[in-house]
Amino acid sequence: MNSDATLLLETVHFAAEKHRNQRRKDPEGTPYINHPVGVARILSHEGGVSDVEVLQAALLHDTVEDTDTTPAELEAKFGPVVARIVQEVTDDKSLPKQERKRQQVEHAPHCSRQAKLVKLADKLYNLRDLNRCTPVGWTAERVQEYFVWASEVVKGLRGTNSALEQKLEELFKQRGVQL
Ligand SMILES: Nc1nc2c(ncn2[C@@H]2O[C@H](COP(=O)(O)OP(=O)(O)O)[C@@H](OP(=O)(O)OP(=O)(O)O)[C@H]2O)c(=O)[nH]1
Ligand SMILES: [Mn+2]
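Please read these numbers as outputs of a predicted model, since none were measured by experiment.

**A look at the layout of surface pockets**
Roughly 850 Å³ of internal volume is contained in the largest pocket. Around the largest pocket sit 32 residues that line it, and Lys-25, Lys-101, Asn-126, Trp-138 and Tyr-146 are the ones nearest its centre. Elements supplying a minimum of two residues to the lining of the largest pocket: helix 4 (63-66), helix 7 (97-107), helix 8 (113-132) and helix 9 (140-155). The element contributing the most residues to the lining of the largest pocket is helix 8, with seven residues. Taken together, the residues of the lining of the largest pocket break down into nine nonpolar, five polar and 18 charged.

**Quick word on the site of ligand 1**
Near ligand 1 lie 21 residues; those nearest to it are Arg-24, Lys-97, Lys-123, Arg-142 and Tyr-146. Between Lys-97 and ligand 1, the recorded distance is 2.5 Å, taken from a side-chain N or O atom to an oxygen atom. The separation between an oxygen atom of ligand 1 and a polar side-chain atom of Gln-104 is 3.2 Å. The cavity where ligand 1 resides is the largest pocket. Among the secondary structure elements, those contributing two or more residues to the shell around ligand 1 are helix 7, helix 8 and helix 9. The element best represented in the shell around ligand 1 is helix 8, accounting for five residues.

Rules used in this analysis
- Residues numbered from 1 in each chain as written.
- Chains lettered and ligands numbered in written order.
- Predicted model: local features only at pLDDT ≥ 70, side-chain atom pairs only at ≥ 80, totals over all residues.
- Heavy atoms only, no water.
- 1 Å grid on protein atoms, 1.4 Å probe; cavity = no way out; pocket = protein on both sides within 12 Å on 5 of 7 lines; lining within 4 Å.
- Points joined across faces, edges and corners; volume = space filled by probe spheres on them.
- Helix = DSSP H or I, 4+ residues; strand = E, 2+ residues; numbered from the N terminus.
- Nonpolar A, V, L, I, M, F, W, Y, C, P; charged D, E, K, R; others polar.
- Near = heavy atom within 4 Å.
- Polar contact = N/O pair within 3.5 Å; in protein donor to acceptor, adjacent residues only side chain to side chain.
- Sits in = over half its atoms within 2 Å of the grid points.

Written out as C-alpha cells, the structure reads:
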C-alpha cells in the first residue's frame, strides 16, 4: 500500500535528511527543513491543495538547488511528475545571482500550474519570514528589494490560486509595492 500519508512521510524524511546540516539565515539559525515543510503546509492548509505530487514537490523544492540531490535521484524515488515540478522551480546556481533573479521573473509565466503553486507558496513563506525577522547581514533596503522582485515573479504566476494570491497581494500592499 502506498497511501498519501505514507508517501508524504517518505518525502518529508528524505527532505529532512538532505537539508539536515542547513540552517535558515535568521539570527536563531532555524533548521532549513522548517521552510519546505512550511511551504507544503501553506499549500494544503491555505491554498486548499490536495494533489499529493504538488505537496511532495513542495517538500522537495529546494533539494536540487541547495543540496547534493540530483533530478535523477528524485525521479527514481518519487517519479517523473514530482521530479519535473522540482526541476521547474530550481534556479541554475551556476549563473550570477542577478541573472538567476531575472530568469525567475521571465520563466514564471511559462511554468506548469503545479510548479506555479509551489512558487506562490515559496514566495508567501519567504515574505512572511522577512516580516518575522531580518536575515543576518540584510539591510532594510535589501528586504524591500526582495519584496519588489518577488512581486515581479508573482505577477507571472497570477490566475493560479486566488487564496494564496490574495495573501501575497496584502503583503505587497503593506510594503507599498504595487502588484
Ligand atoms: N526570508 C528568508 N529567506 C531565507 C532565510 N534563510 C534562507 N532563506 C532563503 O534565502 C533565499 C532568498 O535570499 P536571496 O539572497 O534572495 O537568494 P539566494 O539565497 O538564492 O542567494 C530564499 O531562497 P528560495 O527559497 O530558494 O527562494 P527564492 O527567493 O530564491 O525564490 C529563502 O528560502 C530566512 O531566514 N529568511
Ligand atoms: Mn524555497
